[in-house]
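A closer look at the structure
The residues making up each chain are set out below.
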Amino acid sequence: MFEILTEKFGDVFKRLGSKGRLSERDVDEALREVRLALLEADVHFKVVKDFIERVRQRSLGSEVLDSLTPAQQVLKIVNDELTAILGAGPSHMAPASHPPTIVMLVGLQGSGKTTTAAKLALHLKSSGQRSLLVAADHRRPAAIEQLITLGQQLDIPVYRENTSAKPISVCSHAIKQAKELAASWVIIDTGGRLHIDEAMMEEVAAIKRELKPHEVLLVVDAMTGQDAVRAATEFHAKVGLTGLILTKMEGDARGGAALSIKSVTGVPIKFIGTGEKADAFEAFYPDRLASRILGMGDLVTLIERAEKAIDEEQAKKLEKKVRHAALDLEDFLDQLQQMQKMGPLSQLIEMIPGLSTIARRTSAEIDEKRLKKVEAIILSMTPDERRHPDIIDGSRRRRIARGSGSTPQDVNQLLNQFRQTQRLMKQMARGKGLWQMLR
Ligand SMILES: Nc1nc2c(ncn2[C@@H]2O[C@H](COP(=O)(O)OP(=O)(O)OP(=O)(O)O)[C@@H](O)[C@H]2O)c(=O)[nH]1
Ligand SMILES: [Mg+2]
């Protein structure tokens, strides 16, 4: 996600960083480019205007321009303000004081409500909380079946009634059942319409009045850009929302919806969907996304994913090694083999500081086939070589290449990439902070 913005921001700050001292003109020039990049990314023009104004005011303070690292200071300000427009602080669902907590998902047709209902239940399940899914989309039987199937796959109960039943009564029956099942969450999947119309709004509003759900979450397709923002504005005005879930984020190279929607509607983003699979779902953290957009990675999310995919013991080891910059090729191999479980490579790379930009700059199309090659190369090394790659000389390199069906250049390239990653990690471990890494 956000590849285009990340690349543009990267260019702007690289140029700014090469200047040393900054003048007011340098800052204005950089901000002009940032402004264009945001507009091209389809960010709402008012959000862009306010953002640029705030960054400009803070950047032109003497303590920034007179500092020894003005470009880093400006980057920090951009990061702060980006975080602010994405929504200050994490905004999670609060459990009701008297369970079950009722969560109603609403949205336009095809935005991802049914898929998201299942993802949300799985997300809660992974932290040991029970949910009851409710099929309240009675426009067509297939909608109910879709939820039932997902529930079966994930081993999460689904409440359903005949399509002739009224959604409101289905929901109130479901709440009774949730209490019997001791489920702490009731997640209601409602029907969507192609367009926002009065009838749909009234139907949703009626269910809301009757059930008084604790959360009314609008599911919007991030790839629809400003249309998503408009839908959110209308839903919020007519129904009243407590939060947003942005789906299909992995396909949104521009990021206009995500960057506009909170500021325009005032409704916080609570979760994001990043793929079709049930585990492609994350709680939303504005600060983490901001640093991902700025190409500064998101180790926290990476570590959380690792914790889910790898067993706890291994995750702790990995976290410690990342923090102490003590990763060797042995770990690299371990991770390669575990990585498939953690999600598509392109997403993981975004989370590693600096790697997303390196990967793009060398235009290294890192696909699964390439991964297999890397794996083969590391497998051809002795344990000693994996732990101390520096001992790999010309003859060892040739042997490794032969053993893995690759060339000595391939081996070299892998070693170089590994060193680069190690260097980045060392800089972070030394607490140099992310800002300095762009120098
Ligand atoms: N790539 C991707 N696809 C998604 C995501 N979320 C949902 N989808 C896909 O979007 C399509 C529509 O999802 P549904 O969950 O059926 O959408 P809905 O809002 O329930 O649709 P209606 O019930 O017809 O209104 C499906 O093919 C999903 O697999 C996501 O985060 N990423
Ligand atoms: Mg549906």
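Here is a short report on the structure shown in this document. Residue numbers here run from 1 along each chain, matching the order of that chain's written sequence. Key to labels: chains lettered from A, ligands numbered from 1, both in the order written. For a predicted model such as this one, the threshold for reporting local features is a pLDDT of at least 70, and the threshold for listing and counting side-chain atom pairs is 80 or more; totals across whole chains, interfaces and linings nevertheless cover every residue. Side-chain measures here rest on the full set of heavy atoms in the structure, leaving out hydrogens and waters.

**A word on the site of ligand 1**
The condition is simple: We call a residue near a molecule or strand when any one of its heavy atoms sits within 4 Å of it. We define a polar contact as two N or O atoms separated by no more than 3.5 Å, with the added condition that, inside protein, one atom must be a possible hydrogen donor and the other a possible acceptor, whereas residues neighbouring each other in sequence contribute only through side-chain atom pairs. Secondary structure is summarised from DSSP: a helix means a run of H or I of at least four residues, a strand means a run of E of at least two, and numbering begins at the N terminus for each. Each residue is assigned to one of three groups, with Ala, Val, Leu, Ile, Met, Phe, Trp, Tyr, Cys and Pro labelled nonpolar, Asp, Glu, Lys and Arg labelled charged, and all others, Gly among them, labelled polar.
Near ligand 1 lie 21 residues; those nearest to it are Lys113, Thr114, Thr115, Arg140 and Glu250. Here an oxygen atom of ligand 1 and a backbone polar atom of serine 111 are 3.3 Å apart. Glycine 275 is positioned with one of its backbone polar atoms (N or O) 3.3 Å from an oxygen atom of ligand 1. Sorting elements by how many residues they give to the shell around ligand 1 places helix H6 (residues 113-125) first, with four residues. Here the shell around ligand 1 is built from residues that sort into one nonpolar, 12 polar and eight charged.

**Focus on the pattern of salt bridges**
Spelled out, the test is: Salt bridge, as applied in this entry: a Lys or Arg side-chain nitrogen positioned within 4 Å of an Asp or Glu carboxyl oxygen. Residue exposure (1.4 Å probe, protein chains only): buried if accessible area is under 20% of the type maximum, exposed if over 50%, otherwise partly exposed.
All told, the structure shown has 22 salt bridges when counted by the stated rule. Here arginine 56 makes a salt bridge to glutamate 24, at a shortest N to O gap of 3.3 Å. On the criterion of sequence distance, the pair formed by arginine 56 in helix H3 (residues 45-59) and glutamate 24 in helix H2 (residues 24-40) is long-range, its members being 32 residues apart. Note that lysine 76 and aspartate 80 form a salt bridge whose closest N and O atoms lie 3.3 Å from each other. Taken together, the residues lysine 76 and aspartate 80, both in helix H5 (residues 70-86) and four residues apart, mark about one turn of the helix. Looking at aspartate 80, the relative accessible area reads 26%, which means it is partly exposed. One network of salt bridges, in which partners are shared, links Arg54, Arg58, Lys76, Asp80 and Glu81.

**Quick notes on the packing of aromatic side chains**
Applied cut-off: Here a pair means two rings of Phe, Tyr or Trp (six-membered ring of Trp) with centres within 6.5 Å. Their orientation is stacked below 30 degrees between planes, edge-to-face above 60, and tilted elsewhere. Only Lys NZ and Arg CZ are tested; either one counts as a charge over a ring when it is within 6 Å of the ring centre and within 35 degrees of the ring normal.
Overall, the coordinates contain one aromatic pair when judged by the stated rule. Arranged with centres 5.0 Å apart and planes meeting at 15 degrees, the rings of phenylalanine 271 and phenylalanine 281 form a pair that is stacked. Here phenylalanine 271 is found in strand E7 (residues 269-273), whereas its partner phenylalanine 281 is found in strand E8 (residues 281-283), with 10 residues between them in sequence. Comparing phenylalanine 271 with phenylalanine 281, the two get one shared label, buried. Over the aromatic face of tyrosine 285 sits the side chain of arginine 288, whose NZ or CZ is 3.6 Å from the ring centroid.

**Here we look at the sheet that holds E7**
The cut-off we apply is this: Following DSSP output, two strands are said to pair if at least two bridges run between them.
Spatially, E3-E2-E4-E1-E5-E6-E7-E8 is the arrangement adopted by the eight strands of the open sheet, whose pairing is mixed. Both edges of this open sheet fall to strand E3 (158-159) and E8, since each of them pairs with a single strand only.

**Examining the environment of lysine 176**
If you trace the backbone, lysine 176 turns up in helix H8 (residues 167-181). Assessed through its relative accessible area of 53%, lysine 176 is described here as exposed. In this structure, the C-alpha to C-alpha distance between lysine 176 and proline 100, residues 76 residues apart in sequence, is 9.4 Å.

**Focus on the packing of H6 against helix H7 (residues 141-154)**
To keep it simple, the criterion reads: In this analysis an axis means a line fitted to C-alpha atoms, helices contributing only their contacting stretch, and an angle means the value between N-to-C directions, from 0 to 180 degrees. Note that the term roughly parallel is reserved for angles under 35 degrees, roughly antiparallel for angles over 145, roughly perpendicular for angles of 65 to 115, and oblique for everything else. For a crossing to be left-handed, the near helix must be turned anticlockwise from the far one by less than a right angle; the clockwise case is right-handed. Any two residues whose heavy atoms approach within 4.5 Å at even a single point are treated as in contact.
Packing of H6 against H7 leaves a shortest axis separation of 9 Å and a crossing angle of 25 degrees. With respect to each other, H6 and H7 are oriented roughly parallel. Considering the relative orientation of H6 and H7, their crossing is right-handed. Between H6 and H7, the contacting residues are Thr114, Thr115, Ala117, Ala118, Leu122 and Lys125 on the first element and Gln146, Leu147, Leu150 and Leu154 on the second. A class-by-class count of the residues in the contact of H6 with H7 yields six nonpolar, three polar and one charged.

**Concerning the pairing of E7**
With five of five residues buried, E7 lies mostly within the body of the structure. Examined bridge by bridge, strand E6 (residues 243-247) and E7 share three bridges and lie parallel to one another. Counted as the bridge partner of isoleucine 245 is phenylalanine 271 from E7.

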